[in-house]
Amino acid sequence: MIITKKVLRNVSLTAHPLGCRQYVLDQIDWVRQHALQANNSLYAPVEKKLFPKRVLVLGGSTGYGLSSRIVSAFGGGADTLNVSFEREPSETKTATPGWYNTTAFEAEARKAGLKAESVFGDAFSNETKALTSELIKKTLGQVDLVIYSLASPLRTDPATGITYRSVLKPLGEPFTALSVDMESPLVKKATIEPAEGTQTEETVKVMGGEDWTLWIDYLLAENLLASNAMTVSYSYIGPKITYPVYREGTIGAAKEHLEQSANAITEKLAPLGGKAYVSVNKALVTRASAVIPVVPLYMALLYQVMKEKGLHEGCTEQIYRLFTDRLYADKQIETDSKGRIRLDDWEMKQDVQAEVERRWALQTEGEELKQGDLDGVRLEYEQIHGFGFPSIDYTLDVDPRVI
Ligand code: NAI
């Protein structure tokens, strides 16, 4: 079939197998090149002896989780396991990008002599935790690092069977701000109604630290965490302009919970000499972030400003810096006063934010976005679904089941 991109309300319905493969190969190349090079003031070479050798990534098929897997494997030579939620392809329907990415990644990892396996299932369920434990026992023995990078709209609590839904809403009052989406260059006004009833608690249930804690409890009980094992989860803070819908909204409440969970998990890992961290990452186009109102407009301005300053990074550059400059560098791990790793340090630089604010004030409802990189944001969004690669002829017939 000829696979074209189809987007509905900022959500892409299709993915291209060859493009997803290209996306993964490009990230692998970048990591391989940087892992060996010296004298780059922005990205240090990999200290292989410090890197983890057995890594479990929860949500390792797209976005920050996929990059964590790529950096572990092709930076440090780690064997990796992924747990993610995917739709497989059929003769007439494309798979999720995560399925194509995982298939491509695992083929490359095996070519490089590395173990690479996945459990496709609901990471929140007891069944998936049990299957993953069995796979760890069979393939790796134990793990040195657990990355928790799930982003999901819903979660069924395995203890009660109740399903909770996460929402991206402000608290207390409606929030109105300028926004753009993936389908039009025009700036529009978006109003988001505040959370109602139990929506905040539900969002915390889905995106807070409860499931992260359950995973660590499970792995500890099964003796699957190696001594000095670390676990890392990802959070976001961002600028004041997005506070009402992000940091001070329902998702912010969940991120606060996630950040507090890191302290409790660290106590559980203390007997092993292990530690839990939250890393606050940069705003980037991923399948999860593209649907947050206001955020694509902020990202378009941020991308342009950071590109002009030579500071723009994608998921892989961010995670490479997390591993080489924070988690596995020959120095103490640098954190803020709340114990969080700050990979958003370049995004939050005072001069970057001042310039984004200046450009935000230039925007007018109904007009095209000014001085922003909407094309760059759109291209990244296309590429995470396997579209927009000049090397691929999208008019050719491809079998969606073959990669
Ligand atoms: P993403 O949508 O690219 O990746 C989410 C992953 O979770 C995918 O592998 C998906 O298959 C998996 N997943 C979702 N539901 C699942 C389930 N029930 N069972 C198993 N796997 C499931 O998202 P992204 O953006 O990489 O987010 C990962 C983390 O990074 C989130 O905690 C997010 O808040 C955080 N973050 C994202 C930022 C951004 O701008 N994208 C910025 C800072 C933090």
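Provided above is the structure to which this section pertains.
Residues numbered from 1 in each chain as written. Predicted model: local features only at pLDDT ≥ 70, side-chain atom pairs only at ≥ 80, totals over all residues. Heavy atoms only, no water.

### Remarks on the pairing of strand β10 (residues 184-192)
Short version of the rule: When DSSP finds at least two bridges between two strands, those strands are taken to pair. Each helix corresponds to a stretch of at least 4 residues labelled H or I by DSSP, and each strand to a stretch of at least 2 residues labelled E; elements are numbered beginning at the N terminus.
Of the pairings in the sheet, the one linking strand β9 (residues 175-181) to β10 comprises six bridges and is antiparallel in character. In the strand pairing of β10, Asp181 is matched with Ser184. Taken together, β9 and the strand that follows it, β10, pair antiparallel across an intervening segment of two residues.

### Here we look at the site of the ligand
Keep this limit in mind: Proximity is defined per residue: if any heavy atom of the residue lies within 4 Å of a molecule or strand, that residue is considered near it. Any N or O atom pair separated by 3.5 Å or less is treated as a polar contact, with the protein-specific requirement of one donor-capable and one acceptor-capable atom, and with residues adjacent in sequence counted only for side-chain atom pairs. Reported accessibility uses the Shrake-Rupley method at a 1.4 Å probe radius. Residues are deemed covered only where the shown protein chains occlude them. Under this grouping Gly is polar, as are all residues other than the nonpolar Ala, Val, Leu, Ile, Met, Phe, Trp, Tyr, Cys and Pro and the charged Asp, Glu, Lys and Arg.
Around the ligand, 30 residues are found, and the nearest of them are Ser61, Ala123, Lys255, Leu284 and Thr286. One of the backbone nitrogen or oxygen atoms of Ala123 is found 2.8 Å away from a nitrogen atom of the ligand. Notes on the ligand: free accessible area 840 Å², of which the protein chains cover 92%. Sorting the residues of the shell around the ligand by element identifies α2 (63-76) and β11 (225-235) as the ones contributing at least two each. Here the shell around the ligand is built from residues that sort into 12 nonpolar, 13 polar and five charged.

### With respect to the environment of Tyr243
To keep it simple, the criterion reads: Here a residue-residue contact requires only that any non-hydrogen atoms of the pair lie within 4.5 Å.
Turning to its location among the elements, Tyr243 is positioned in the loop between β11 and α7 (250-269). Excluding anything up to four places from it in sequence, Tyr243 contacts Ile237, Gly238, Glu248 and Gly249.

### Looking at the packing of α2 against helix α3 (residues 97-111)
Any two packed helices are characterised by how steeply their axes cross, that is the angle between the axes, and by the distance between the axes. The line we're drawing: Helix axes are fitted only over the stretch in contact, all axes being lines through C-alpha atoms; the angle between N-to-C directions runs from 0 to 180 degrees. Just so you know how the angles are binned, under 35 degrees is roughly parallel, over 145 roughly antiparallel, 65 to 115 roughly perpendicular, and the rest oblique.
Between α2 and α3, the least distance of the axes is 11 Å, while the angle of their chain directions is 5°. In terms of their interaxial angle, α2 and α3 are classed as roughly parallel. Where α2 approaches α3, its residues Leu66, Arg69, Ile70, Ala73 and Phe74 are matched on the opposing element by Asn101, Thr102, Phe105, Glu106, Glu108 and Ala109. Within the contact of α2 with α3, the residues separate by chemical class into six nonpolar, two polar and three charged.

### Overview of the side chain of Asn82
Heads up, the condition is: Partly exposed describes any residue whose relative accessible area lies between the buried limit of under 20% and the exposed limit of over 50%, with all areas from a 1.4 Å probe on protein chains only and scaled to the type maximum.
Structurally, Asn82 is set in strand β4 (residues 79-84). Here Asn82 falls in the buried class, since its relative accessible area comes to 0%. Separated by 3.2 Å, the side chains of Asn82 and Ser84 make a polar contact. A distance of 3.0 Å separates a polar atom in the side chain of Asn82 from a polar atom in the side chain of Ser118. Those residues in contact with Asn82 that sit more than four places away from it in its chain are Val57, Gly59, Gly60, Ser61, Arg69, Thr102, Glu117, Ser118, Val119 and Phe120.

### Concerning helix α9 (residues 315-327)
By the criterion of burial, α9 is predominantly enclosed, with 12 of the 13 residues buried. Buried within α9 are the following residues: Cys315, Thr316, Glu317, Gln318, Ile319, Tyr320, Arg321, Leu322, Phe323, Thr324, Arg326 and Leu327.

### Observations concerning helix α8 (residues 295-308)
Filter applied, for reference: Expected helix span is given by 1.5 Å per residue-to-residue step, counting one fewer step than there are residues.
In this model α8 runs 20 Å from its N-terminal to its C-terminal C-alpha over 14 residues, within 8% of the 20 Å that 1.5 Å per residue would give. All buried positions along α8 are accounted for by Val295, Pro296, Leu297, Tyr298, Met299, Ala300, Leu301, Leu302, Tyr303, Val305 and Met306. Where the residues of α8 are buried, they touch β9, β10, α10 (350-360) and α11 (374-383). Downstream of α8 by one or two residues, Gly310 has phi in the positive range, about 70°.

### Quick look at the sheet that holds β11
Spatially, β5-β4-β3-β6-β11-β12-β13 is the arrangement adopted by the seven strands of the open sheet, whose pairing is parallel. Edge positions in the sheet fall to β5 (116-120) and β13 (341-342), since each has one partner strand and no second. As paired elements, β4 and β5 share five bridges and run parallel to each other. Paired with Asn82 across the two strands is Ser118, which belongs to β5.

### What to know about the nonpolar core
Just so we agree on the cut-off: Each nonpolar core is a collection of buried residues, namely Ala, Val, Leu, Ile, Met, Phe, Trp, Tyr and Cys, held together in the definition by side-chain atoms within 4.5 Å.
Formed by 87 residues in total, the largest nonpolar core has its most connected members in Leu322, Phe323 and Leu327. A per-element tally of this core places α8 first, with 10 residues. With near-sequence residues (within four places) excluded, Phe323 lies in contact with Phe51, Pro52, Ser68, Val71, Ser72, Leu145, Ile147, Tyr328 and Ala329. Listed in part, the 27 residues of the second largest apolar core include Phe124, Ile136, Ile216 and Leu225.

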